[in-house]
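Now for the letters of each chain:
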Amino acid sequence: MLTILFDGVAYGMLLFVLACGLSVTLGLMNFVNLAHGAFAMAGGYVTVVLLNRYNVPFLLALPVAFVATAALGLVLERTLYVRLYGRSHLDQVLFSIGLVFMAVAAVDYAFGSQQQFVRMPSFLQGRVEIAGVGVGIYRSFIILICGVLVIALQLALSRTRFGSQLRAAVDDQRVARGLGIEVNRIFAATFAVGSGLAGLGGALGAEILGLDPTFPLKFMIYFLIVVTVGGTSSITGPFLASLMLGIADVAGKYYVPAFGAFVIYTFMITVLIFRPQGLFARAR
Amino acid sequence: MRDRAEALILRRARWRPAEYVFWLLAFAALVLFPDRHLILNEIAILALFAVSLDLILGYAGLVSLGHAAFFGFGAYAAGLLAKHAVAEPVIGLVAAGAGAALLGFATSFLVLRGTDLTRLMVTLGVALILGEIANQAAWLTGGADGLQGVAMDPIIGVFEFDLFGRTAYAYSLVTLFLLFVAARRLVNSPLGLSLTAIRDNPLRAAAVGVPVNPRLVAVYTVSAAYAGIAGALLAQTTQFVSLDVLDFHRSADVLLVLVIGGAGYLYGGIVGAVLFRLVQDLLAGLTPQYWHFWIGLILVVLVLMGRERMTSGVAALARAGVDRLRPGAGRATKELRP
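A. Examining the overall build of chain B more closely. Along the backbone of chain B there are 16 helices and zero strands. Among the 338 residues that make up chain B, the fraction classed as buried is 46%. For chain B, contacts bridging at least 24 residues in sequence account for 78% of all contacts bridging at least 6.

B. Summary view of the overall build of chain A. For chain A, the helix and strand inventory stands at eleven helices and two strands. Starting at the N terminus, the α and β elements of chain A follow one another as α-α-α-α-β-β-α-α-α-α-α-α-α. In terms of overall dimensions, chain A is globule-like: its C-alpha atoms have a radius of gyration of 18 Å, near the 19 Å expected for 284 residues. Structurally, chain A occupies a C-alpha span of about 55 × 45 × 35 Å along its principal axes. Buried positions account for 48% of the 284 residues belonging to chain A. At a minimum sequence separation of 6, the contacts of chain A that also span at least 24 residues come to 78%.

C. Layout of the confidence of the model for chain B. Residues and elements named next belong to chain B. Here chain B averages 83 in pLDDT, while 90% of its residues score no lower than 70. Across chain B, the secondary-structure element scoring lowest on mean pLDDT is helix α16 (residues 333-336), at 36, and the one scoring highest is helix α11 (residues 212-238), at 92. Here residues 325-338 is modelled with pLDDT under 50, and outside its nearest four sequence neighbours on either side it reaches six contacts, counting other chains as well. Note on the complex model: pTM 0.85, ipTM 0.80.

D. Summary view of the environment of D108 of chain A. Here D108 of chain A is to be found in helix α4 (residues 89-111). Considering only alpha carbons, one finds D108 of chain A and A40 of chain A, 68 residues apart in sequence, at a separation of 15 Å. Filtering out sequence-adjacent residues up to four positions away, D108 of chain A remains in contact with S113 and P213 of chain A together with Q289 and Y290 of chain B.

E. Expanded view of the interface of chain B and chain A. Each partner contributes residues to the interface: chain B has 34 residues there, and chain A has 33 residues. Contributions of two or more residues to the side of chain B that touches chain A are made by α6 (116-136), α12 (248-261) and α14 (291-305) of chain B. Broken down by element, the side of chain B that touches chain A gets its largest block of residues, twelve residues, from α6 of chain B.

F. Representation of the environment of L299 of chain B in the model. As for its position among the elements, L299 of chain B is in helix α14. Dropping the residues within four chain positions of it, L299 of chain B is found in contact with L94, F95, I97 and G98 of chain A together with L256 of chain B.

G. Inspection of the environment of G99 of chain B at higher detail. Residues and elements named next belong to chain B. Positionally, G99 belongs in helix α5 (residues 89-111). A count of 21 C-beta atoms within 10 Å places G99 in the buried class. Sequence spacing of G99 and I39 is 60 residues, and the spatial spacing of their C-alpha atoms is 27 Å.

H. Geometry of helix α8 (residues 183-209) of chain A. The sharpest bend along α8 of chain A comes to roughly 35 degrees, located at A203 of chain A. Once α8 of chain A ends, the next one or two residues include G210 of chain A, with phi positive near 85 degrees.

I. Molecular detail of the confidence of the model for chain A. Of the residues in chain A, 94% reach a pLDDT of 70 or more, and the chain-wide mean stands at 83. Mean pLDDT values over the elements of chain A span from 69, in strand β1 (residues 127-130) of chain A, up to 90, in helix α3 (residues 58-79) of chain A.

J. How the structure looks around the packing of helix α1 (residues 2-29) of chain A against helix α10 (residues 236-255) of chain A. Residue and element names in this part refer to chain A. α10 packs onto α1 with a crossing angle of 135 degrees between their chain directions and a minimal axis gap of 7 Å. Taken together, the axes of α1 and α10 are oblique relative to one another. The element α1 and its partner α10 pack so that their crossing is right-handed. Here I4, L5, D7, G8, V9, Y11, G12, L15, F16, A19, C20 and S23 of α1 lie close against α10, whose contacting residues are P238, F239, S242, L243, L245, G246, I247, D249, V250, A251 and Y254. Of the residues contributing to the contact of α1 with α10, the split by class is 16 nonpolar, five polar and two charged.

K. Structural context of unusual backbone geometry. Even without a glycine there, the phi angle at N55 of chain A is positive, about 55 degrees. With a phi close to 65 degrees, L266 of chain B is a non-glycine residue in the positive phi region. Positionally, L266 of chain B belongs in the loop between α12 and α13 (267-286). The exposure class of L266 of chain B is buried, given the 23 C-beta atoms found within 10 Å.

Each value, and the rule that gives it
- Residues numbered from 1 in each chain as written.
- Chains lettered and ligands numbered in written order.
- Predicted model: local features only at pLDDT ≥ 70, side-chain atom pairs only at ≥ 80, totals over all residues.
- Helix = DSSP H or I, 4+ residues; strand = E, 2+ residues; numbered from the N terminus.
- Buried ≥ 20, exposed ≤ 12 C-beta atoms within 10 Å, placed from the backbone.
- Contact = placed C-beta atoms within 7 Å.
- Rg over C-alpha atoms; globule rule 2.2 N^0.38 Å.
- pLDDT = per-residue confidence, 0-100.
- Bend = angle between axes of the 7 residues up to and from the residue.
- Axes fitted to C-alpha atoms, helices over the stretch in contact; angles between N-to-C directions.
- Parallel < 35°, antiparallel > 145°, perpendicular 65-115°, else oblique.
- Left-handed = near helix turned anticlockwise from the far one by under 90°.
- Nonpolar A, V, L, I, M, F, W, Y, C, P; charged D, E, K, R; others polar.

Okay, structure coming up:
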């Protein structure tokens, strides 16, 4: 029971790291980016290649995955995404679906359609018993890293100058522009960091979530659930939503394997009907 | 004033020569391309599916990322009906359409609320739930193996399905034509005009007395029925249903079809279906496993270029083609068109 809760928390934390970038881009520029999972996949594959082909240590591969994906995000944002900010949601959806299709096919071409396995270093493998509860070492490692990231993000948003500019831009973009905040530059930076975090999440999650070319399609709905249930106006909303989703998904798969998926989708639709702005957001 | 408005609406609804030519060609394909009936059948089904999406997207402005829900529902309904009860296709078609309409009616209330994003998620969610049901209820649907053992009787007891898809194409084309004519009447009726008003500005539409929500529910239900019939056609003509009919790819592909052909004038779905299948065939011939890469690239380029420009380009091409067909009209058209 507690093991399930523990696994659920680890899973939820992972989902948060994967999805928080999406929640910021959606909140800031009102941009529906269905291709967010493609960045996560990119991070995952960078790690796999570094680990299995070049024998880079796992702990070093993680920051590399973050930087590589962030760079990819920045390039795509400056060249392609930036042209679509003012466009209709339909255009944005079509564009990002196109990107997903391309990413899926390209990865399939380069690496084949099979599952990729990450060779974990030995000190992250295995389980230990703490007070009768079986705790996976790797999952504790994930909780640790993601916990640090959550705190760091929260501090960056609430304490730094960049964070307050970002919050101002999310709250009211036009006024923020009027006050001389360079919303475009903030958005580029945020997009890069969000993509980087997704890449890091993909790298961390390759072991737990699995990694194959259909990753962006498989997890798209999870990211969207986190964002819509959590709302886009803060970081705590998506965080709580991720934890709930993670625990519900793990518990659902364990106790009622046949109905696990229904629980999540039904929950999402119900939330959307009664609170279209998200569970934890104020209505605007 | 009333007379003028009426005349305007009637003129909009009048059949143009190009349309006669278009449908004559579609029916002539029965004789002209005897060895292409299988792919033509697929095109007709895809076209019907796209027309159904056009009704809600092009006319009512509702975005959907899960239109495959109704397509798949219709396919399974027709397949199961043929397997367990009645194997006559037309009855199956009507039943599948009615079932999908019920489903559309029930889920239409979910898309009334919220923004585009909420709609995208809700429609996607509904399609995913249906896909999951079809996957889990393997005792009924065959799960991942697909629904096998569907055998159809001859259509209305006379026309037997053949191996080369000749009957199948004729059947799908007649269905497409009849439903298209109905849809054409619908969008040119006051109901259809009120839908475009809602699409352009829901607030103003409500202010001039259009009952916004009931109209959206109505068109969503009709569109679901169309999609269900398209799915039923696929199930009946291929005599097989797999989980693929509810897949996300299908919802995305039909969006692409409509985007290629252009939304909001009904023919877009058909033109798009033809182009889409031709492109798909070409790409699948070049790189069999990875053709979705090129589809993705087309989507990205289309959006970056601007969808409207592409659509108006196709429309202009079509007009030019028709003008050339009309005897002696080649010179005068430039001055006639405003």
